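# Summary of structural features
So you can see what is in the structure, the chains are spelled out below.
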Amino acid sequence: MTKTEVLALMALLEAAYPNYRLHTTSVEIYAQYLQDLDFKLAEKAIHYLIRNEDWFPTIAQIRQAVAEMVHDVPSTEQAMATLREAVRTGNYTMVKKNPLLEQAVDTVGWPRLKFSENPEPLNRDVRNAYERLRAREMQRLIDLPRVGQAALTHTEEKEA
């Protein structure tokens, strides 16, 4: 994204959050850390953040919103719903479709989950493990150089 495009997005954010005024130095920092994002994806992420956040978004929040839009990393709620269905049906293949969920399940063991008479403590352990693994994976995706370009390629492949 060009600096002009970053400035346009900053103007949009300032209009949406009238109590927040960006200093010139802050705009430069935003430009530096957002320039690798695709403009259309960043714009879409900013519109999402405007609708859902009370406060002016940080660089990290914008980058995370772009990463969330592009990369298919199921939320904790989605992963736990998959786990409940997998345990109910005895279908471990459902768990294996999500590598992070598979790692989280491995922390307690599939047989223990499948045959437990009191699965709640085990489910809580899996949930906590999944949240940590997902946070680490999202951070890795956010930190990738040119995450926006990778995102654009990913989006174009989905549309084709």
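This one's a predicted model, so the numbers in the text were calculated from it and none came from an experiment.

### Remarks on the overall build of the chain
The number of helices and strands found in the chain is 10 helices and 0 strands. Of the contacts formed within the chain by residues at least 6 apart in sequence, a portion of 70% connects residues at least 24 apart. Treating the 20 positive side-chain charges of the chain as one cloud and the 23 negative ones as another, the clouds have centres 4 Å apart.

### Comments concerning the packing of helix α3 (residues 39-52) against helix α4 (residues 59-70)
Across the interface, α3 lies against α4 with an axial gap of 9 Å and an inter-helix angle of 110°. Judged by the inter-axis angle, α3 sits roughly perpendicular to α4. Note on element contacts: α4 touches α3 through Q61, I62, A65, V66, M69 and V70, opposite L41, A42, K44, A45, I46 and L49. The residue inventory of the contact of α3 with α4, partitioned by class, reads 10 nonpolar, 1 polar and 1 charged.

### Regarding the packing of aromatic side chains
For the structure on display, the rule yields 4 aromatic pairs. With a centroid separation of 5.1 Å and an interplanar angle of 50°, the aromatic rings of Y92 and W110 are classed as tilted. Of the two residues, Y92 sits in helix α6 (residues 92-96) while W110 sits in helix α8 (residues 110-115), which places them 18 residues apart along the sequence. Through a chain of ring-to-ring contacts, three or more aromatic side chains come together here, namely Y17, Y20, Y30 and F56.

### Quick word on the confidence of the model for the chain
When pLDDT is averaged along the chain, the result is 89; 90% of the residues meet or exceed 70. Ranking the elements of the chain by mean pLDDT puts helix α10 (residues 147-159) last with 52 and helix α7 (residues 99-106) first with 97.

### Brief notes about the packing of α7 against helix α9 (residues 120-143)
Packed helices, taken two at a time, are described by the angle between their axes plus the distance between the axes. Contact geometry of α7 with α9 gives a least axis separation of 8 Å together with a crossing angle of 140°. Between α7 and α9, the crossing angle belongs to the class labelled oblique. The interaxial crossing formed by α7 with α9 has right-handed handedness. Two secondary-structure elements touch here, α7 through L100, L101, Q103, A104 and V105 and α9 through V126, A129, Y130, L133, R134 and E137. Of the residues in the contact of α7 with α9, the class split is 8 nonpolar, 1 polar and 2 charged.

### Thoughts on helix α5 (residues 76-89)
Its 14 residues place the ends of α5 20 Å apart at the C-alpha level, agreeing with the 20 Å of an ideal helix rising 1.5 Å per residue. Among the residues of α5, T76, A79, M80, L83 and A86 are the ones counted as buried. Taken around the axis of α5, the buried residues stretch over an arc of 120°, which confines them to a single face. Summarising the geometry of α5, the exposed residues directed more than 90 degrees from the buried face are E77, R84 and R88. At the C-terminal side of α5, G90 shows a positive phi close to 70°.

Scoring rules and cut-offs
Residues numbered from 1 in each chain as written. Predicted model: local features only at pLDDT ≥ 70, side-chain atom pairs only at ≥ 80, totals over all residues. Heavy atoms only, no water. Helix = DSSP H or I, 4+ residues; strand = E, 2+ residues; numbered from the N terminus. Contact = heavy atoms within 4.5 Å. Lys, Arg positive; Asp, Glu negative; His and termini not counted. Charge placed at Lys NZ, Arg CZ, Asp CG, Glu CD. Axes fitted to C-alpha atoms, helices over the stretch in contact; angles between N-to-C directions. Parallel < 35°, antiparallel > 145°, perpendicular 65-115°, else oblique. Nonpolar A, V, L, I, M, F, W, Y, C, P; charged D, E, K, R; others polar. Phe/Tyr/Trp six-rings, centres within 6.5 Å; stacked < 30°, edge-to-face > 60°. pLDDT = per-residue confidence, 0-100. Left-handed = near helix turned anticlockwise from the far one by under 90°. Expected span 1.5 Å × (residues − 1). Buried < 20%, exposed > 50% of the residue type's maximum accessible area, 1.4 Å probe, protein only. Arc of directions from axis to C-beta.

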